[in-house]
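Overview (structure and organization)
What follows is each chain in one-letter form.
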Amino acid sequence: MDLYSVMCVSDRITALEWFEVFFGRPADEILGEEHLWQVGENAWVVVDDRDVRSERVGGAMITLGVHDLDGILARLATHGVDHDPVETYGNGVRHVVVLGPDGNSLSLAEAPTQ
């Protein structure tokens, strides 16, 4: 099974610049008007600004499991990308919410090291 999580955005240029900073690289694929970042073996985050999706702009919410959360947040900070305070759950997972320019929520979660 493949997963395509669509981030509906209002301004493609602004969004692509932001997502390139967020992921630390340009889109892995461009299919028509959609820009895709591969985030797992069969998982993709898709940026789409087509008018048919305009009513969904800013409504996405996903969580990405990451390693080196502090390193990622430091890289984002060097580009002026803010985030909510980092929370640590009772099970040791560290979690933070990062909002894109349209308010789409891309949370980062790091499991505790064993």
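A brief report on the enclosed structure follows.

How each quantity is defined
Residues numbered from 1 in each chain as written. Predicted model: local features only at pLDDT ≥ 70, side-chain atom pairs only at ≥ 80, totals over all residues. Heavy atoms only, no water. Helix = DSSP H or I, 4+ residues; strand = E, 2+ residues; numbered from the N terminus. Expected span 1.5 Å × (residues − 1). Buried < 20%, exposed > 50% of the residue type's maximum accessible area, 1.4 Å probe, protein only. Arc of directions from axis to C-beta. Pairing = 2+ DSSP bridges. Axes fitted to C-alpha atoms, helices over the stretch in contact; angles between N-to-C directions. Salt bridge = Lys/Arg side-chain N within 4 Å of Asp/Glu carboxyl O. Contact = heavy atoms within 4.5 Å.

Further remarks concern helix α1 (residues 12-23). Taking 1.5 Å per residue as the helical rise, α1 with its 12 residues ought to reach 16 Å, and the 16 Å between its terminal C-alpha atoms agrees with that figure. Among the residues making up α1, those that are buried are Ala15, Leu16, Trp18, Phe19, Phe22 and Phe23. Projected onto a plane normal to the axis of α1, the buried residues spread over an arc of 165 degrees and lie on a single side. Opposite the buried face of α1, at more than 90 degrees from it, the exposed residues are Ile13 and Glu17.

All right, on to the sheet that holds strand β2 (residues 29-31) then. Spatially, β1-β4-β3-β2 is the arrangement adopted by the 4 strands of the open sheet, whose pairing is mixed. The open sheet is flanked by β1 (3-8) and β2, the only strands paired with a single partner. In this sheet, adjacent strand axes meet at a mean angle of 30 degrees when their direction is disregarded. Two elements, strand β3 (residues 34-40) and strand β4 (residues 43-48), share 5 bridges in a ladder whose sense is antiparallel. Looking across to β4, one finds that Leu36 is bridged to Val46.

To continue, consider the pattern of salt bridges. Applying the stated criterion to the full structure yields 7 salt bridges. Two residues, Arg50 and Asp48, come together in a salt bridge whose shortest N-O distance is 2.8 Å. On the basis of relative accessibility, which here comes to 0%, the residue Asp48 falls in the buried class. Each of Arg12, Glu33 and Asp49 takes part in one network of salt bridges that share partners.

This paragraph deals with helix α2 (residues 69-78). Along α2, the residues that are buried comprise Leu69, Ile72, Leu73 and Leu76. Considered in projection along α2, the buried side chains sweep an arc of 95 degrees and stay on one side of the axis. In this structure, the buried side of α2 is in contact with α1, β7 (94-99) and β8 (105-110). Immediately downstream of α2, the backbone of Gly80 shows phi near 75 degrees, a positive value.

Now for the sheet that holds strand β6 (residues 87-88). If you trace the 4 strands from one edge of the open sheet to the other, you get β5-β8-β7-β6, paired in mixed fashion. At either end of the open sheet lies a strand with only one pairing partner, and these are β5 (61-65) and β6. Pairing geometry for β7 and β8, over 6 bridges, is antiparallel. Looking at β8, one finds that Val96 is bridged to Leu108. Across the face of the sheet, α1 comes into contact with β5, β7 and β8 while running at roughly 0 degrees to β8.

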